[in-house]
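# Coordinate analysis (summary)
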Amino acid sequence: MDLPVINSIPSSGEPAAGGGCASHSCGSTDDQLDHLPEHIRAKVHNHPCYSEQAHHYFARMHVAVAPACNIQCHYCNRKYDCSNESRPGVVSEVLTPEQAVKKVMAVAANIPQMTVLGIAGPGDPLANPERTFATFRELSEKAPDIKLCVSTNGLALPESVEELSKHNIDHVTITINCVDPDVGAQIYPWVFWKNKRIMGREGAAILIEQQQKGLEMLTARGILVKVNSVMIPGVNDKHLAEVSKVVKSKGAFLHNVMPLIAEPEHGTFYGLMGQPSPTHEELQALQDACSGDMNMMRHCRQCRADAVGLLGEDRGLEFTMDKIEDMEIDYAAAMVKRAEVHAQIAKELEEKDNKARAAKAELVSIQGLKPDAPATRPVLMAVSTKGGGVINEHFGHAHEFLVYEASSAGVRFIGHRKTTPYCEGGSSCGDGESALDETLRVLKGCEVVLSAKIGFEPWAPLEAAGIQPNGEHAMEPIEEAIAAVYAEMRAAGKLDAKPEQQQKVA
Amino acid sequence: MSLEIIESCVNCYACEPLCPNDAIYQASPHFLIDPDKCTECLGDFDDAQCASICPIEGAILDEMGVALNLPGSLTGISAEMLAKYQAAVEATYQAALEAKTG
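Quick caveat, the model's predicted, so the values are computed rather than measured. (Residues numbered from 1 in each chain as written. Chains lettered and ligands numbered in written order. Predicted model: local features only at pLDDT ≥ 70, side-chain atom pairs only at ≥ 80, totals over all residues. Heavy atoms only, no water.)

Assigned secondary structure in chain A consists of 16 helices and 15 strands. Taking all 506 residues of chain A together, 58% fall into the buried category. A sequence separation of at least 24 residues applies to 71% of the contacts in chain A between residues at least 6 apart. Accessible surface computed for chain A: about 20600 Å², of which carbon and sulfur atoms make up 53%. (Helix = DSSP H or I, 4+ residues; strand = E, 2+ residues; numbered from the N terminus. Buried < 20%, exposed > 50% of the residue type's maximum accessible area, 1.4 Å probe, protein only. Contact = heavy atoms within 4.5 Å. Areas by Shrake-Rupley, 256 points an atom, 1.4 Å probe, with all protein chains shown as cover.)

Structure representation (structure tokens):
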């Protein structure tokens, strides 16, 4: 059966904001999930990786049982292993399937919010089929309430689809960086295929063919497919809108465009070549361009292949194999506890969701944010939050800011930007930029920052950088606060179209 | 006649299941090849399987001690770029050390 083609503009007549996102969806508490048909929503609603809201409540973990890989990517260094480094493909210890199962059971007993177990590396899970499937088989039996997911480069996917469909796996992630072998030749130096190492364009062509075939086979069986793409400026940035179209037409339900991570000290080809990563603006522009065709994912934290806990935190060090050996665990009781906790969270989320919708409807009616009202220019605003959909983090304590766009069409979530907390960074870290400089840099493009509290010291530098600090909406729901600030800006005449736009109109 | 895995092996397991002679085994600190079993895949495959999937240049040697995958052949990273990498790693290490000692 083919999955229905998902249109990012709902049929209920809501206004479409810039970039094809409907106002009530992308920025709502449930963000991307609102676009999905009910049967898909039901499958992913408690998956922390799919919802900006759910990720503050539900936890996931990755187990590193798959060290082997069957391709080389220019953004990956197979030698790297560092506990201080946080990016995909990096792990501290590779586990046997038996150890992995033990670890999952221990984590799921200690973190009852856990809903999802993923195998994502550090190599390619399907290049380690015995280890990967042994782990899945045993977990399906011992913890049937835990959802399983797997992430792959796709080369060995077609031959694995049969086995994948036997387990409790309802979604698979394929990393697809291109559908054109000429682009692929600049990303993949080789693939291992039918007992040979195939170099360059020829190898990339095989990889692309297998990825597309695997994608079609999975969606034909009703297994959800998310597509990850790494945005590599000058290599595939112009090409990814095409990728988005192609994978959508083949039934992928979500597209996650992630920025390239490349630093010389990572020892990757791109890192050493000085290949630039995209800026926040470039990433957002591409995500917006793709969103006309496809549901886009905007809050991916690009986790390690052995991450444990809530998204954006890593509790892996609490669950090393030696610590797990000493834990005494009642597995049956743990499963009962999980069921209770999951039900409680689901209830809380539903209430929050309903409140947010009600609040939004009210805002629209009070402030006249109607689609036919004269358009005011969109404004980016940054928010510091600890979760729960409210502004509850001090400016100086924030490890990341969530960025929203307010426009005449409503408020939508754009993405998150990581930084070093201002209060931890000291005034200066050696020759490098200070923590405040870093925060000012990552907030570039934002005109307002909303925090629970903002100290005296960063106030002037923020204003000087064109970012208005605002601590007046502490503990308020994020979107309500942003809509209120946007309305104030409009009342103050700050939202008139920019000069060049006015000229166009005239 | 046998191939050899040396210390730059990163223990990724990729070669182990491919060996037609079951000559590769996990050992500490890295995987090893049993020289009595290894045939360099002659008669089974055109290319030695371990060396065809190994991601680490220079980690597998032939019986003359010559690397089957030469520097730069798999990653495209030249010796010059590698030197830059080592300098960057050293700098990161020193910075971490300084930060620790205050």
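Residue and element names in this part refer to chain A. With respect to topology, seven strands assemble into an open sheet ordered S9-S8-S5-S4-S3-S1-S10, the strand pairing being mixed. Looking at strand neighbours, the two that pair on one side only are strand S9 (254–259) and strand S10 (308–309), the edges of this open sheet. Running over the sheet, helix H3 (residues 97–110) touches strand S1 (59–62), strand S3 (114–119) and S10 and is turned about 155° from S3. Its contacts with the sheet put helix H7 (residues 200–220) on strand S5 (169–175) and strand S8 (224–231), and the angle it makes with S5 is roughly 160°. (Pairing = 2+ DSSP bridges. Axes fitted to C-alpha atoms, helices over the stretch in contact; angles between N-to-C directions.)

Turning our attention to the layout of surface pockets. Put simply, the second largest pocket is a space of about 520 Å³. Lining the second largest pocket are 22 residues, and of these A:Ala127, A:Asn128, A:Pro129, B:Pro17 and B:Leu18 lie nearest its centre. Every element with two or more residues in the lining of the second largest pocket is listed here: helix H4 (129–142) and strand S6 (190–193) of chain A. Within the lining of the second largest pocket, the residues separate by chemical class into 14 nonpolar, three polar and five charged. (1 Å grid on protein atoms, 1.4 Å probe; cavity = no way out; pocket = protein on both sides within 12 Å on 5 of 7 lines; lining within 4 Å. Points joined across faces, edges and corners; volume = space filled by probe spheres on them. Nonpolar A, V, L, I, M, F, W, Y, C, P; charged D, E, K, R; others polar.)

Residue and element names in this part refer to chain A. For helix H15 (residues 478–491), built from 14 residues, the straight-helix expectation of 20 Å at 1.5 Å per residue is met to within 8% by its first-to-last C-alpha distance of 20 Å. Listed as buried for H15 are Ile478, Glu479, Ala481, Ile482, Ala483, Val485, Tyr486 and Met489. One or two positions beyond H15, positive phi appears at Gly493, with a value near 75°. (Expected span 1.5 Å × (residues − 1).)

With that settled, consider the domain arrangement of chain B. Annotation of chain B at the domain level lists domain 1 (4–70) and domain 2 (77–102). Between domain 1 of chain B and domain 2 of chain B, the C-alpha centre-to-centre distance is 30 Å. (Domains from an automatic or database assignment.)

Before going further, it helps to examine helix H8 (residues 240–249) of chain A. All names here are of chain A. All buried positions along H8 are accounted for by Leu240, Val243, Ser244, Val246, Val247 and Lys248. Buried residues in H8 make contact with H7, S8, S9 and helix H10 (280–291). Looking one or two places after H8, you find Gly251, whose phi comes out positive at around 100°.

The subject of this paragraph is the sheet that holds strand S15 (residues 468–470) of chain A. Residue and element names in this part refer to chain A. Spatial ordering of the open sheet is given by S13-S12-S11-S14-S15, a layout of five strands whose pairing is mixed. Bordering the open sheet on either side are strand S13 (410–418) and S15, each of which pairs with just one other strand. Neighbour-to-neighbour, the strand axes of the sheet open up by a mean angle of 25°, direction not taken into account. When strand S12 (residues 400–407) meets S13, the two strands line up antiparallel, connected through eight bridges. Across the sheet, the residue bridging to Ala406 is Val411, located in S13. Packing of H10 onto the sheet brings it into contact with strand S11 (379–383), S12 and S13, and relative to S13 it is tilted by some 135°.

Once that is clear, we can look at the packing of aromatic side chains. The tally for this structure, following the rule as stated, stands at five aromatic pairs over all chains. Ring geometry for B:Tyr13 and B:Phe31: centres 5.0 Å apart, planes at 70°, overall edge-to-face. Here B:Phe31 lies in the loop between strand S2 (24–25) and strand S3 (32–33) and B:Tyr13 lies in the loop between strand S1 (4–5) and S2, a separation of 18 residues in the sequence. A relative accessible area of 16% means that B:Tyr13 is categorised as buried. Owing to a relative accessible area of 2%, B:Phe31 belongs among the buried residues under this scheme. If you follow A:Arg131 out to its NZ or CZ, it ends over the ring of B:Tyr13, 4.1 Å from the centre. Looking at A:Arg197, its charged tip hangs above the ring of A:Trp190, at a distance of 4.4 Å from the centre. (Phe/Tyr/Trp six-rings, centres within 6.5 Å; stacked < 30°, edge-to-face > 60°. Lys NZ or Arg CZ within 6 Å of the ring centre and 35° of its normal.)

Residues and elements named next belong to chain A. In the structure shown here, the tally under the stated rule is 16 salt bridges over all chains. Close ionic contact of Glu163 with Arg137 constitutes a salt bridge, the shortest N to O distance being 3.2 Å. Within this pair, whereas Glu163 is found in helix H5 (residues 157–164), its partner Arg137 is found in helix H4, the two being separated by 26 residues in sequence. As a salt-bridge pair, Lys444 and Glu281 come within 3.6 Å of each other at their nearest N and O atoms. Of this pair, Lys444 sits in the loop between helix H13 (435–442) and strand S14 (446–450) while Glu281 sits in helix H10, and the two are 163 residues apart along the sequence. Under the relative-accessibility criterion, Glu281 is labelled partly exposed at 33%. Via salt bridges that share partners, Arg137, Glu163 and Lys166 belong to a single interconnected network. (Salt bridge = Lys/Arg side-chain N within 4 Å of Asp/Glu carboxyl O.)

Further remarks concern the side chain of A:Gln287. Residues and elements named next belong to chain A. By the secondary structure assignment, Gln287 is in helix H10. Given a relative accessible area of 5%, Gln287 falls into the buried group. Excluding residues that lie within four positions of it along the chain, Gln287 makes contacts with Val257, Met296, Met297, Arg298 and Ile414.

Moving on, we come to the interface of chain B and chain A. When the parts come together, some accessible area is lost, and that loss is often what is quoted as the size of the interface. On the side of chain A, 27 residues touch chain B, which itself brings 28 residues to the contact. Considering only the side of chain B, the residues that lose the most area to chain A are B:Tyr13, B:Leu74 and B:Tyr85, jointly responsible for 23% of the buried surface there. Run the count over chain B and chain A and you get two salt bridges. The salt bridge partner of B:Asp46 is A:Lys196, with a shortest N-O separation of 3.4 Å. On the surface where chain B and chain A come into contact, there are nine residue pairs in polar contact (both at pLDDT 80 or more). Elements with a contribution of two residues or more to the side of chain B that touches chain A: helix H1 (49–53) and helix H2 (79–101) of chain B. The element contributing the most residues to the side of chain B that touches chain A is H2(B), with six residues. Class assignment of the residues belonging to the side of chain B that touches chain A gives a composition of 17 nonpolar, eight polar and three charged. (Buried area = accessible area lost by both parts, 1.4 Å probe. Polar contact = N/O pair within 3.5 Å; in protein donor to acceptor, adjacent residues only side chain to side chain.)

This next bit is on the side chain of A:His74. Among the structural elements, A:His74 can be located in the loop between strand S2 (71–72) and H3. Judged by its relative accessible area of 8%, A:His74 falls in the buried class. Residue contacts for A:His74: discarding those within four places in its chain leaves A:Gln186, A:Ile187, A:Pro189, A:Thr268, A:Phe269, A:Tyr270 and B:Thr75.

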